[in-house]
Amino acid sequence: SIAYNEAENGGGIYILNDMVTVDFSSAYLLGNSAKNSGGNVHVQGNNVDSCKHVILKGVVAVDGRASFGAGINILSCVVALVEAKVAGNQAEHAGGGVRLESADCRMVEASINHNRAEYGGGIQLLGTVKLVIEQPLTIANNMAGTGGGGIASDNSNFQIHALSEDVLSLQKNK
């Protein structure tokens, strides 16, 4: 496990990626914190055209703390979250569970539960964002102080594509 680490960005894992393939599997991240973004995980590229091959499979991100994107923060990158569990994270400002900023994200069998933020308790979308949901994505029991208990969009041009019916479940978010 990767537990109780602190950093400016990416308290548990910090991935700065351009033109490289990153395949990160089966990590348990607990209680990591960042002063800025990505309490448990921070993934960043220069832009989505150069940062295309990041796969986070079987990642469990729990009890992270950050100003933005406490569980997982993705900035200017194309990322696949496969069989990911993001729970119990808390962002001071936005993106309690997952924060996507100018990013493309494919989610396959993921759950985002019991996260908190002032804005976007489960997921915050910022900038141009494309979210593709291939298998069940559950966003449940997340809380936001001012808006978007499940999903919040802030000055975004976003697209959410569910590849079949009933793959997105939003439940009991406040």
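This is a predicted model, so every value here is computed, not measured. (Residues numbered from 1 in each chain as written. Predicted model: local features only at pLDDT ≥ 70, side-chain atom pairs only at ≥ 80, totals over all residues. Heavy atoms only, no water.)

## Quick word on the overall build of the protein
Of regular secondary structure, the protein possesses 0 helices and 23 strands. Counting only C-alpha atoms, the protein reaches 35 × 30 × 30 Å along its principal axes. Per-residue burial over the protein gives 50% buried out of 174 residues. Considering only intrachain contacts with a sequence separation of at least 6, the fraction spanning at least 24 residues in the protein is 84%. Carbon and sulfur atoms form 46% of the exposed surface of the protein, whose accessible area is close to 7,700 Å². When the 11 basic and 16 acidic side-chain charges of the protein are each reduced to a single mean position, those positions are 5 Å apart. (Helix = DSSP H or I, 4+ residues; strand = E, 2+ residues; numbered from the N terminus. Buried < 20%, exposed > 50% of the residue type's maximum accessible area, 1.4 Å probe, protein only. Contact = heavy atoms within 4.5 Å. Areas by Shrake-Rupley, 256 points an atom, 1.4 Å probe, with all protein chains shown as cover. Lys, Arg positive; Asp, Glu negative; His and termini not counted. Charge placed at Lys NZ, Arg CZ, Asp CG, Glu CD.)

## With respect to the state of the cysteines
Taken as a whole and assessed by the stated rule, the structure comprises 1 disulfide. Here Cys51 engages in a disulfide with Cys77; their sulfurs sit 1.7 Å apart. In this structure the cystine formed by Cys51 and Cys77 twists about its S-S bond by roughly -50°; its chirality is therefore left-handed. Of the two residues, Cys51 is situated in the loop between strand E7 (41-44) and strand E8 (54-57) and Cys77 in the loop between strand E11 (72-75) and strand E12 (78-82); the sequence distance between them amounts to 26 residues. Free of any disulfide, Cys105 has its nearest neighbouring cysteine sulfur in Cys77, separated by 9.9 Å. (Disulfide = S-S within 2.5 Å.)

## Here we look at the side chain of Asn115
Within the secondary structure layout, Asn115 lies in the loop between strand E17 (110-113) and strand E18 (116-119). With relative accessibility at 0%, the residue Asn115 sits in the buried group. One polar contact links the side chain of Asn115 to the main-chain carbonyl oxygen of Val86, over a distance of 3.2 Å. In this structure the side chain of Asn115 is engaged in a polar contact, spanning 3.1 Å, whose partner is the backbone oxygen of Asn113. (Polar contact = N/O pair within 3.5 Å; in protein donor to acceptor, adjacent residues only side chain to side chain.)

## Focus on a nonpolar patch on the surface
A cluster of nonpolar residues, Phe158, Ile160, Leu168 and Leu170, forms a patch on the protein surface that exposes about 320 Å² of accessible area. Of all the elements in the fold, those that place two or more residues in the nonpolar patch are strand E22 (151-162) and strand E23 (168-171). Judged by its relative accessible area of 33%, Leu168 is partly exposed. (Patch = residues over 30% accessible without salt bridge, like charges linked within 9 Å, V, L, I, M, F, W, Y side chains within 5 Å. Salt bridge = Lys/Arg side-chain N within 4 Å of Asp/Glu carboxyl O.)

## Regarding the environment of Glu8
When you line up the elements, Glu8 lands in strand E2 (residues 6-9). Assessed through its relative accessible area of 47%, Glu8 is described here as partly exposed. Each C-alpha atom of the pair Glu8 and Phe24 lies 21 Å from the other, and the pair is 16 residues apart in sequence.

## Brief notes about the pattern of salt bridges
Following the criterion strictly, the structure yields 2 salt bridges and no others. The shortest N-O distance in the salt bridge between Glu101 and Arg99 comes to 3.1 Å. In this structure Glu101 comes out as partly exposed when scored by relative accessible area, which is 23%. For Arg99, a relative accessible area of 10% corresponds to the buried category. Across the pair Arg106 and Glu134 runs a salt bridge whose closest N-O atoms are separated by 3.5 Å.

## Side note on the pairing of strand E19 (residues 123-133)
Look at any regular strand and the pattern is simple: side chains alternate between the two faces of the sheet. Counting buried positions along E19 yields 9 of 11 residues, so the element is predominantly enclosed. Where strand E15 (residues 98-101) and E19 come together, 4 bridges link them in parallel fashion. Directly across from Arg99, in E19, lies its bridge partner Gln124. In this structure, strand E16 (residues 104-108) lies alongside E19, joined through 4 bridges in parallel fashion. From the neighbouring strand, Cys105 faces E19, where its bridge partner is Leu131. As paired strands, E19 and E22 are joined by 10 bridges and run parallel to one another. Pairing of Leu131 across the sheet is with Ile160, part of E22. (Pairing = 2+ DSSP bridges.)

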